[in-house]
Each structure stands twice: as C-alpha cells, then as structure tokens.
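Remarks on the overall topology
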Amino acid sequence: MAGPVHSILAEVRRLNARVVATGRSFGAAFSTVLVGTWSPRGAMFEVVPRDMRTTDPTRADEIMQGYFALAGRMVELDGRELFAITPPTDAFAKELHSFDWLRHLRAVNGYSTDPSRSAAAAAQARSYILNWIATRSSHPGLVRTPQIAACRALNLTNHAAFLLDSADPPTYRAIMTAIIGDIRFAFTHRSLVNDPTDCCKLVLACISVAHALVEHIGVKTKTLEALAGALADAIHRDGGPVTRRLGDLPTLLAQLLSLRALLETRGMAVPVRLTQTIDASMRMLRMVRHRDGSVARFHGTRSLARLESDLISSILTYDTERGHLPVFARNTGYTRLEAAQSVVLVDCAGPPKGTASREAHAAALAFEWSHGSERIISNAVEIGQPVGTDIFQQRQTGAQSTLCVQGLSSASFQGTQDDAELLAGGLQVALAKAETGADRNLSGRHTGYRAKFGVDHERSLSLQDDGRALSGRDRLLLPTDKVATGGRNAFTLNFHLQPGLRAKQADARTVHIATRQCLILFEANAGSITLINQADRLGYRGPRHAYQIVVTSEAALPADISWRFVVERTVDTSKQPTAQEAVA
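Residues numbered from 1 in each chain as written. Predicted model: local features only at pLDDT ≥ 70, side-chain atom pairs only at ≥ 80, totals over all residues. Heavy atoms only, no water.

Once that is clear, we can look at the side chain of Arg152. Considering the arrangement of structural elements, one finds Arg152 in helix α7 (residues 146-158). Ignoring sequence-local partners within four residues, the contact set of Arg152 consists of His97, Ser98, Phe99, Trp132 and Asp182. (Helix = DSSP H or I, 4+ residues; strand = E, 2+ residues; numbered from the N terminus. Contact = heavy atoms within 4.5 Å.)

Quick look at the structure:
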C-alpha cells in the first residue's frame, strides 16, 4: 500500500513543480514581452544622450527663484505651483511643457562649487516634474501633442543623471514611467505631426531615449527602423531642410550628432544614411551661415540668434571634414556670394510642397546681406514676430527683401490662417552665377507674377571683390524678354534692415545707414524712396527699431531700377560716436 501512496505523492509533487515552473516561465516571458515594447517595468538608463545646447547660469538662478522667462515672456510663480499658472502665450505654454529650460538647472552642477546648491537645484527640478505628472490630466490640448511629448521625454533623458541619482524610489519610478509613457505616445502618434522637421525631431528623440535604456530591445529596433524614412522626409540630399526653414538646421544637427555619439557609445553600427545626412547638413550649415555666426532667416525662425550662434559653434567643432565651401544648394534652393567681409545669401526657389509650406514665406529672389559681424539686410526678425503684427502678413512677399507687384505675393496662399499652405502655382525660378573681373555676379528670374500680370521678375546682384559694395538691378520682363512699363505693373522694392540698425533719408534717392561698425550709403537710380520706421520688433534685449527701405516704381517709366549699398567707412567704436548718434 505504501508503494502506490508514495507514487501518487511523488506524481503530485512533480505536477506542482511543473505548474510552478510553468508559472515562473510565463511570468518571465510576459515581463520580457512588456520590456520589449513600451513597459516602464524595470526601466533604467545605461547611458544618456548629450544635450549640445548652451546653458545659462543666470537663467538657472531665475528658475530657482521662481521666475520663468520663456518665449519672450516672464512669469513669476509667487508661491504658486509651476503648472498651476496660466501661460501668457501659446508659445510660452509649449516651451514650458517641453522642459527645454531644464538644462539650465542641470548646469548648476558645472558652475557651482557648493554641493548643497546642486542638490537643491536637482530637488527643485524633480518637484517641477512631479507637479507636471500630478496635473497632466488637466493640461490643455495645445501642449498634449506628440512633438511636445517627445521633446519632454528627450529633455528628461538628457538630464537623467542630474534628476535621478539622488531620487527616492517612488520619484524614480514616477519619472521613468512618465518618460516611457511620453515616448510611447509620441512614437505611436507620429503620423499626426504635419511638419516634416518636427516629425524628424520626434523620431530622433524616440530613438535616443530607446537606445539610452538598458533593455527594451524591441523598442530600439522599432524606432531605428523609422530613421531612414524620417530623414528622407525632412532633409534634402544636399543637407537642407525640406521646409526650407534654415533655422531648423542647428537643432536638427544637434540631435543627429547626439544620436550618432550615443550609438557609438553603445557599440552599435551607425546607419549609413545618418552619417550621410550629418555630412551633407554640415556643409549646408556652413553655406547658409553669416559672419555673425547665425544662419539666414528665410522662411521664419524659431530661435534666438544669440543662442543659435552658440549652438552652431558647438556643432561645427564636429565638422572634421571641412572641404570647399558650397555656394549653391540645388535641392533646398539657396545660393551664396562672398567677398572679403561680405556675405550675400539668396532664396532661389519656390515654396516647399504640401504641409512643409505651412510656415514658408513668399520670398522668391529675396536676399540677406551681412558685412563683417553685422547683419545689414534681413528677412525675419530675431525671434518671434514684430510686436502686434499678424504672422500671416509676415509671410507675404511685401515682408521680404525682394520685389513685390501691386502688393501681391509671388506665390498663393491656401487660406488666410497663420499656417495656411503656400502654393507655388506656376512659380519657377531660374538662376545663373558668374565671377567676372573683381565682382561676384548672380542673375535670377521667377515666374510668380506671370499668371497675374503677364510679367516675370528678374534680379541681378553683383558683390564687389573687396566686399564694400553690393549692386542690384530689378526688372519686370515680358515673356518675350522685353522690359515691361509701369501702370498695372507698378511695384515696390523692399529692403528690410536688421533690427537695431539706424537709418536716415538724405534725399529722394539716398538713405544713410549706421551700424556699430560702419556707415553705409544706399541709393537708387529711379523710383521714389521711402524710409519706414516699423513697429518695434522683439529681440533678445527687448524691443528694437526696425527700418525698411521701400523703392516705389514710377508709372510712366520702364519697370527697371538699379540700386546699390556702399560701405563708406568703418567706424572706430573707441573714438567715433555710436550708430544712433551718427544718424541723429
């Protein structure tokens, strides 16, 4: 009897052991499946991406004292929770919820020798993040977008060591859960992002966060598979952004370089397309860069010129294969003239296609000019828009440094909203460049006004060899290449001076311009000149004057005007009066 009983008990033990083992195996497999997708369970960072943007100790002090200066506005907490405040503008709300400002608090570790101050900065940063987590269900839809979620997750990941090293277990889990949740939301909803640059940044952020994690193998693979498509949609083969918004280049390159370094640190192969894109974008960045360190402002800007210059300087330290500076980007549609201390950049293409044109400007054959370290002719303000000005109005041809016929744009807008798509229609641009004698010459022609007025705009530019004179000629040509006359073809030439410069009209055909470093003469051989003191424009140091030179054609004369800027002399700032005094 004992034998059968023992046999039965042994079989029960084996069954129990099998059930336990099966349960453990199932639990382990289930855990692996979760970690292989988007589960925060057991999530931890092995290495974090590098944030290449500059930091400001002053901003860190302001944040620790409860003052937040974002998107040109300042808000004082005055004892309130950070995410209980009412943001003064949409731009402020987006920047606040993206946590871009977190890098300034992290910088306390670098400039403060007091360990307690660094610990206080980290504790305050964690309190802000926990406040955001606790209130996120009540956040407005404006900031609950995939691109802001991806930006926030990347910022938290970039500074994870600063945030999490001294965090208690509940805080650690809460922040890691928030990061994984944001990345999951951003990546699975990336098709909702219309702007190709924003979508590319989103994908780059997801890849960076995924590859910073210890496990999550499935997430690493899935996000990396989306890289080639995102790069192809956002960046031309010549390295320029599909949006033609050159201000996108520095931030895109910063993320691309950071991702490459992260993959190399993890011992992974860097995708060939990533390397090719970085090399091409480096060349493009050098081509569209002015001597003051910032890029041309065609088609608007999303950044401060001063901070952008710092970021560009950091990026260019990685440009180890400096070759011949390109002067023409065929795919993106820009060209460069350079002589001595002068740089001229010209928009020589139509608007981008589809949703990529929602921030584009009707700026065919517009140009920018810088001399020395100062911008003279510009197209977009340093940050944001002129105070009280309609964004849609700033996208019109009349707001660019080019020719405008009867106040109409050279391209058509699909609606009147600020983000209306810009349609090229029949607009085509042809360009010819040459160097003859002591000058650099360019001639371009576009058909944007042919359907409306039966004429084409031709612009010729010539930069003197010593860089001290820029000459131009603008004509309206019939399709037969004959010069049109005035009347219904009345036009204006608009030259937008960089905010902060001073100008004074001397007579009907002459304007004197004063910068911090030189005095410049502008003159035209025909038409009537009007000097407009536009509404103050918002800059890094507050509102500044922004002048515009407008040359109006005369109805009885051919539509043909020649003009030139001449640097008359350089100002010795230690002995001469200031630019404001020089034209007073």
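With that settled, the discussion passes to the pairing of strand β4 (residues 334-339). Counting buried residues along β4, five of its six residues qualify, which places the element largely inside the surrounding structure. Bridge analysis of strand β3 (residues 328-329) against β4 gives two bridges, and the strand direction is antiparallel. Looking at the pairing, Phe328 lines up with Thr335 of β4. Connecting the antiparallel pair β3 and β4 is a turn made up of four residues, with Gly333 showing a positive phi of about 90°. Sheet analysis places β4 next to strand β5 (residues 342-347), joined by six bridges and oriented antiparallel. Within β5, the residue paired with Ala339 across the bridge is Ser342. Taking the residues between adjacent antiparallel strands as the criterion, β4 and β5 are bridged by two residues, where Ala340 takes a positive phi near 50°. (Buried < 20%, exposed > 50% of the residue type's maximum accessible area, 1.4 Å probe, protein only. Pairing = 2+ DSSP bridges.)

Our next topic: the packing of aromatic side chains. Taken as a whole, this structure holds 17 aromatic pairs when the rule is applied. Each ring, one from Phe68 and one from Trp101, has its centre 5.2 Å from the other, and the planes form 90°; the classification is edge-to-face. Highlighted residues: Phe68 in strand β1 (residues 67-70) and Trp101 in the loop between α3 (90-98) and α4 (102-106), separated in sequence by 33 residues. Each member of the pair, Phe68 as well as Trp101, is classed as buried. Between Phe83 and Phe99, the ring centres sit 5.8 Å apart and the planes meet at 35°, which makes this aromatic pair tilted. In this pair, Phe83 sits in the loop between β2 (73-76) and α3 while Phe99 sits in the loop between α3 and α4, placing the two residues 16 residues apart along the sequence. Its relative accessible area of 11% is what places Phe83 among the buried residues. Feature note: the residues Phe68, Phe83, Phe99, Trp101, Tyr128 and Trp132 constitute an aromatic cluster, connected by ring pairs. Positioned above the aromatic ring of Phe187 is the side chain of Arg190, whose terminal nitrogen or guanidinium carbon lies 4.0 Å from the ring centre. Above the face of the Tyr334 ring, Arg244 is positioned so that its terminal group lies 4.5 Å from the ring centre. (Phe/Tyr/Trp six-rings, centres within 6.5 Å; stacked < 30°, edge-to-face > 60°. Lys NZ or Arg CZ within 6 Å of the ring centre and 35° of its normal.)

What follows covers the nonpolar core. Nonpolar side chains tend toward joint burial in soluble globular proteins. Phe68, Leu82, Leu96, Trp101, Leu105 and Ile315 are the most contacted members of the largest nonpolar core, which has 94 residues in total. Not counting chain neighbours up to four residues away, the residues in contact with Leu105 comprise Ala60, Ile63, Met64, Ala121, Ala125, Tyr128 and Phe162. In this structure, Leu470, Val511, Ile520 and Ala524 belong to the second largest nonpolar core, which totals 42 residues. (Core = buried A, V, L, I, M, F, W, Y, C linked by side-chain atoms within 4.5 Å.)

Attention shifts here to helix α9 (residues 169-188). The end-to-end C-alpha separation of α9 is 28 Å, in line with the 28 Å expected for 20 residues at 1.5 Å each. Every buried residue belonging to α9 is among Thr171, Ile175, Met176, Ala178, Ile179, Ile180, Asp182, Ile183, Ala186 and Phe187, and all of these are buried. Those residues of α9 that are buried are in contact with α6 (115-135), α7, α8 (160-164), α10 (196-212) and α11 (217-225). Capping of α9 at its N-terminal end is provided by Asp168; its side-chain oxygen lies 2.9 Å from the backbone amide nitrogen of Thr171. (Expected span 1.5 Å × (residues − 1). Polar contact = N/O pair within 3.5 Å; in protein donor to acceptor, adjacent residues only side chain to side chain.)

Along strand β13 (residues 456-464), seven of the nine residues are buried, which leaves the element largely enclosed by surrounding structure. In terms of strand pairing, β13 meets strand β14 (residues 469-477) through eight bridges, oriented antiparallel. Counted as the bridge partner of Glu458 is Arg475 from β14. Hairpin remark: β13 followed by β14, antiparallel, with four residues in the connecting loop; positive phi at Gly467, about 75°.

Let us now look at the environment of Tyr172. Residue placement: Tyr172 occurs in helix α9. By relative accessible area, which is 26% here, Tyr172 ends up partly exposed. Not counting the four nearest positions on each side in its chain, Tyr172 is found in contact with Ala43, Met44, Phe45, Leu164 and Ala167.

A few words on the environment of Val455. Position of Val455 relative to the elements: it lies in the loop between α17 (450-453) and β13. Take Val455: its relative accessible area is 0%, and that puts it in the buried class. As for Val455 and Leu478, which are separated by 23 residues in sequence, their C-alpha atoms are 4.8 Å apart. Val455 has contacts with Tyr449, Arg450, Leu476, Leu477, Leu478, Ala484 and Asn489, leaving out every residue within four places of it along the chain.

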